[in-house]
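# Residue-level structure breakdown
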Amino acid sequence: MAFRDVCILLMLLLALTYGEHVKFLDCGSSVGKVALVDIHPCPKQPCQLQKGHSYAVNVTFTSGVASQTSKAVVHGVIAGVPIPFPIPVEDGCKCGISCPIQKQTSYNYVNQLPVKTEYPKIKLVVEWELRDDSGKDLFCIKFPVQIVS
Ligand SMILES: *[C@@H]1O[C@H](CO)[C@@H](O)[C@H](O)[C@H]1NC(C)=O
(Lines give C-alpha, C1' and ligand atoms only; values in the text may rest on other atoms or scores of the structure.)
Protein backbone atom coordinates (compact mmCIF):
# COMPACT_ATOMS: atom_id res chain seq x y z
CA MET A 1 0.00 0.00 0.00
CA ALA A 2 1.35 3.43 -0.88
CA PHE A 3 1.93 6.04 1.82
CA ARG A 4 -0.80 8.12 0.30
CA ASP A 5 -3.33 5.31 0.69
CA VAL A 6 -2.28 4.78 4.28
CA CYS A 7 -3.04 8.41 4.99
CA ILE A 8 -6.42 8.28 3.29
CA LEU A 9 -7.33 5.07 5.08
CA LEU A 10 -6.30 6.64 8.34
CA MET A 11 -8.48 9.66 7.69
CA LEU A 12 -11.46 7.45 6.99
CA LEU A 13 -10.89 5.45 10.16
CA LEU A 14 -10.45 8.61 12.15
CA ALA A 15 -13.57 10.15 10.73
CA LEU A 16 -15.56 7.23 12.15
CA THR A 17 -14.28 7.74 15.67
CA TYR A 18 -13.85 10.72 17.94
CA GLY A 19 -10.54 12.39 18.45
CA GLU A 20 -9.79 13.92 21.80
CA HIS A 21 -8.96 17.59 21.95
CA VAL A 22 -5.59 17.91 23.56
CA LYS A 23 -4.09 20.89 25.30
CA PHE A 24 -1.30 22.29 23.21
CA LEU A 25 1.02 25.26 23.13
CA ASP A 26 1.60 27.25 19.99
CA CYS A 27 5.35 27.37 19.35
CA GLY A 28 5.31 30.00 16.64
CA SER A 29 2.72 29.47 13.92
CA SER A 30 3.96 32.52 12.03
CA VAL A 31 1.81 32.10 8.88
CA GLY A 32 -1.19 30.23 10.29
CA LYS A 33 -3.50 29.86 13.25
CA VAL A 34 -4.29 26.59 15.03
CA ALA A 35 -7.87 26.02 16.18
CA LEU A 36 -7.80 22.45 17.49
CA VAL A 37 -5.52 19.49 17.97
CA ASP A 38 -7.02 16.01 18.25
CA ILE A 39 -5.08 12.88 19.08
CA HIS A 40 -6.61 9.47 18.88
CA PRO A 41 -6.65 7.51 21.06
CA CYS A 42 -5.85 9.71 24.05
CA PRO A 43 -8.42 9.17 26.81
CA LYS A 44 -6.40 11.07 29.40
CA GLN A 45 -3.76 13.76 29.24
CA PRO A 46 -0.87 13.87 28.84
CA CYS A 47 -1.46 11.28 26.09
CA GLN A 48 -0.04 7.87 26.97
CA LEU A 49 1.65 6.53 23.88
CA GLN A 50 2.11 2.81 23.92
CA LYS A 51 5.21 1.39 22.27
CA GLY A 52 4.51 -0.33 18.99
CA HIS A 53 1.30 1.62 18.47
CA SER A 54 0.48 4.46 16.17
CA TYR A 55 -1.54 7.55 17.05
CA ALA A 56 -3.62 9.72 14.78
CA VAL A 57 -3.00 13.44 14.99
CA ASN A 58 -5.54 15.86 13.52
CA VAL A 59 -4.64 19.55 13.50
CA THR A 60 -7.30 22.04 12.44
CA PHE A 61 -5.68 25.28 11.34
CA THR A 62 -6.20 28.28 9.11
CA SER A 63 -3.48 29.30 6.72
CA GLY A 64 -2.53 32.95 6.49
CA VAL A 65 -0.63 32.45 3.23
CA ALA A 66 -0.82 30.69 -0.10
CA SER A 67 1.63 27.80 -0.50
CA GLN A 68 2.21 25.11 -3.11
CA THR A 69 3.72 22.69 -0.63
CA SER A 70 3.71 21.78 3.02
CA LYS A 71 6.25 19.75 4.88
CA ALA A 72 5.96 18.36 8.39
CA VAL A 73 8.89 18.41 10.79
CA VAL A 74 8.47 16.61 14.10
CA HIS A 75 10.77 16.68 17.12
CA GLY A 76 10.65 15.00 20.47
CA VAL A 77 11.91 17.42 23.08
CA ILE A 78 13.67 15.52 25.85
CA ALA A 79 15.00 17.57 28.76
CA GLY A 80 14.88 20.66 26.56
CA VAL A 81 16.77 19.06 23.68
CA PRO A 82 14.86 18.62 20.38
CA ILE A 83 15.49 15.24 18.76
CA PRO A 84 14.15 14.50 15.24
CA PHE A 85 11.13 12.22 15.41
CA PRO A 86 10.60 10.43 12.09
CA ILE A 87 7.08 10.25 10.70
CA PRO A 88 6.09 8.07 7.71
CA VAL A 89 4.65 10.85 5.55
CA GLU A 90 6.34 14.27 5.61
CA ASP A 91 4.28 15.74 2.80
CA GLY A 92 1.31 17.57 4.33
CA CYS A 93 -0.37 17.68 0.92
CA LYS A 94 -0.84 13.90 1.22
CA CYS A 95 -2.30 14.18 4.68
CA GLY A 96 -5.70 15.77 4.40
CA ILE A 97 -4.58 19.10 2.94
CA SER A 98 -5.53 19.79 -0.66
CA CYS A 99 -2.68 21.75 -2.14
CA PRO A 100 -2.02 24.42 -3.24
CA ILE A 101 -2.87 25.85 0.15
CA GLN A 102 -4.97 28.98 -0.04
CA LYS A 103 -4.90 32.05 2.11
CA GLN A 104 -7.53 32.35 4.89
CA THR A 105 -8.68 28.79 4.40
CA SER A 106 -9.16 26.21 7.11
CA TYR A 107 -7.57 22.77 6.78
CA ASN A 108 -7.43 19.53 8.70
CA TYR A 109 -3.97 18.05 8.73
CA VAL A 110 -4.20 14.35 9.58
CA ASN A 111 -1.19 12.15 10.14
CA GLN A 112 0.07 9.46 12.39
CA LEU A 113 2.66 9.33 15.10
CA PRO A 114 4.28 5.89 15.20
CA VAL A 115 5.81 4.93 18.54
CA LYS A 116 8.66 2.49 18.04
CA THR A 117 9.23 -0.31 20.50
CA GLU A 118 12.82 0.81 21.04
CA TYR A 119 11.83 4.23 22.36
CA PRO A 120 12.57 4.76 26.05
CA LYS A 121 9.75 4.97 28.57
CA ILE A 122 9.88 8.67 29.25
CA LYS A 123 7.82 11.82 29.31
CA LEU A 124 8.59 14.20 26.51
CA VAL A 125 7.15 17.06 24.53
CA VAL A 126 6.21 16.51 20.90
CA GLU A 127 6.84 19.54 18.72
CA TRP A 128 5.06 19.33 15.37
CA GLU A 129 5.63 21.90 12.65
CA LEU A 130 4.13 22.19 9.20
CA ARG A 131 6.23 24.41 6.96
CA ASP A 132 5.16 26.32 3.87
CA ASP A 133 7.09 26.92 0.62
CA SER A 134 9.44 29.36 2.31
CA GLY A 135 10.02 27.24 5.41
CA LYS A 136 7.73 29.33 7.62
CA ASP A 137 5.42 27.57 10.06
CA LEU A 138 1.81 27.14 8.96
CA PHE A 139 1.58 25.69 12.42
CA CYS A 140 3.90 24.81 15.23
CA ILE A 141 2.33 23.00 18.15
CA LYS A 142 3.73 21.41 21.28
CA PHE A 143 2.05 18.87 23.51
CA PRO A 144 3.33 16.63 26.29
CA VAL A 145 3.18 12.84 25.98
CA GLN A 146 4.28 9.88 27.99
CA ILE A 147 5.71 6.77 26.36
CA VAL A 148 4.55 3.62 28.10
CA SER A 149 5.10 -0.06 27.44
C1 LIG B 1 -10.30 16.57 12.28
O2 LIG B 1 -10.87 17.42 13.24
C3 LIG B 1 -11.91 18.26 12.75
C4 LIG B 1 -12.33 19.20 13.88
O5 LIG B 1 -12.71 18.48 15.03
C6 LIG B 1 -13.06 17.40 12.24
O7 LIG B 1 -14.07 18.22 11.71
C8 LIG B 1 -12.54 16.45 11.16
O9 LIG B 1 -13.57 15.58 10.77
C10 LIG B 1 -11.36 15.65 11.69
N11 LIG B 1 -10.81 14.87 10.60
C12 LIG B 1 -10.71 13.57 10.66
C13 LIG B 1 -10.15 12.91 9.46
O14 LIG B 1 -11.07 12.95 11.63
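Preceding block: the structure.
For clarity, every value in this text was computed on a predicted model and none was experimentally measured. Per chain, the residues get numbers from 1 upward, laid out in the order the sequence is written. Totals for whole chains, interfaces and linings use all residues, but because this is a predicted model, local features are given only for residues with pLDDT of at least 70 and pairs of side-chain atoms are given and counted only at 80 or more. Water and hydrogen atoms were dropped before computing side-chain values, which therefore reflect all heavy atoms in the structure.

## Brief notes about the state of the cysteines
For the purposes of this analysis, a disulfide is any pair of cysteine sulfur atoms at a distance within 2.5 Å. Evaluated as defined, the whole model comprises three disulfides. Between the sulfur atoms of Cys-27 and its disulfide partner Cys-140 the distance amounts to 2.1 Å. With the S-S bond torsion at -100 degrees, the cross-link from Cys-27 to Cys-140 turns out left-handed. Placement of the pair is Cys-27 in the loop between strand 2 (25-26) and strand 3 (32-40) and Cys-140 in strand 10 (residues 137-148), with a sequence separation of 113 residues. Throughout, exposure labels follow a simple rule: accessible area from a 1.4 Å probe, protein chains only, divided by the maximum for the residue type, with under 20% read as buried, over 50% as exposed, and the rest as partly exposed. Owing to a relative accessible area of 26%, Cys-27 belongs among the partly exposed residues under this scheme. Sulfur-sulfur distance for the disulfide between Cys-42 and Cys-47 comes to 2.1 Å. An S-S torsion of about -95 degrees defines the bridge between Cys-42 and Cys-47 as left-handed. A residue is classified by how much of its surface remains accessible, and Cys-47, at 1% relative accessible area, is buried. Across the protein, the disulfide pattern expressed with sequentially numbered bonded cysteines is 1-6, 2-3, 4-5. In DSSP terms, a helix is any run of H or I states spanning at least four residues, a strand is any run of E spanning at least two, and both are numbered starting from the N terminus.

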